[in-house]
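Coordinate analysis (summary)
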Amino acid sequence: MSGKLQKAKGFKKSRTGMYVSIAASLFGAVGTIKRGREARREGDTLQLLDVAVSAAGIVTGVALLVRELRRLDIDDVLADD
């Protein structure tokens, strides 16, 4: 059981895990866009502000994941030498 748990923890830092995390973040963006359209249609300023903050969080999260993905690529290149 310990081996499976260790493998699951390693998945998050793997290239595949990064791609899955980016896809999940982008999937969350779809819901945020829908909420933004609804808030704009209703003229709800507070909900628009919430959508803007959520969108900023999604963009930041994806940027962090892309940075980690690039670091994995750099580590892979150095490991081959």
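None of the values given here were measured: they were computed from a predicted structure.

1. Observations regarding the overall build of the chain
Assigned secondary structure in the chain consists of three helices and zero strands. Taken from the N to the C terminus, the helices and strands of the chain come in the order α-α-α. Relative to its full complement of 81 residues, the chain shows a buried share of 16%. Contacts spanning at least 24 positions in sequence make up 62% of the contacts within the chain whose residues lie at least 6 apart. Counting only carbon and sulfur atoms, one obtains 63% of the accessible surface of the chain, whose full area is about 6,400 Å².

2. Comments concerning helix α2 (residues 15–42)
The periodicity of an α-helix, 3.6 residues per turn, causes residues three or four places apart in sequence to face the same way. For α2, spanning 28 residues, the distance from its first C-alpha to its last is 41 Å, which sits close to the expected 40 Å at 1.5 Å a residue. The complete set of buried residues in α2 reads Gly17, Met18, Ile22, Ser25, Ala29, Thr32, Gly36 and Ala39. Gly43, located one to two residues past α2, shows a positive phi value of around 75°.

3. What about the UniProt feature "transmembrane region" (unreviewed entry) in the chain?
As recorded in UniProt, the feature "transmembrane region" (unreviewed entry) lies at residues 16–33 and 45–66. Spanning residues 16–33, this segment combines 100% helix with 0% strand, and its end C-alpha atoms are found 26 Å apart. Strand forms 0% of residues 45–66 and helix 100%; the C-alpha atoms that close the span are 31 Å apart.

4. Here's the deal with a nonpolar patch on the surface
On the surface, Leu46, Leu49 and Val53 cluster together into a nonpolar patch covering about 330 Å² of accessible area. Secondary-structure assignment places Val53 in helix α3 (residues 45–80).

Here is what the cut-offs are and how they apply
- Residues numbered from 1 in each chain as written.
- Predicted model: local features only at pLDDT ≥ 70, side-chain atom pairs only at ≥ 80, totals over all residues.
- Heavy atoms only, no water.
- Helix = DSSP H or I, 4+ residues; strand = E, 2+ residues; numbered from the N terminus.
- Buried < 20%, exposed > 50% of the residue type's maximum accessible area, 1.4 Å probe, protein only.
- Contact = heavy atoms within 4.5 Å.
- Areas by Shrake-Rupley, 256 points an atom, 1.4 Å probe, with all protein chains shown as cover.
- Expected span 1.5 Å × (residues − 1).
- UniProt positions renumbered as here; feature names shortened; annotations may be inferred.
- Patch = residues over 30% accessible without salt bridge, like charges linked within 9 Å, V, L, I, M, F, W, Y side chains within 5 Å.
- Salt bridge = Lys/Arg side-chain N within 4 Å of Asp/Glu carboxyl O.

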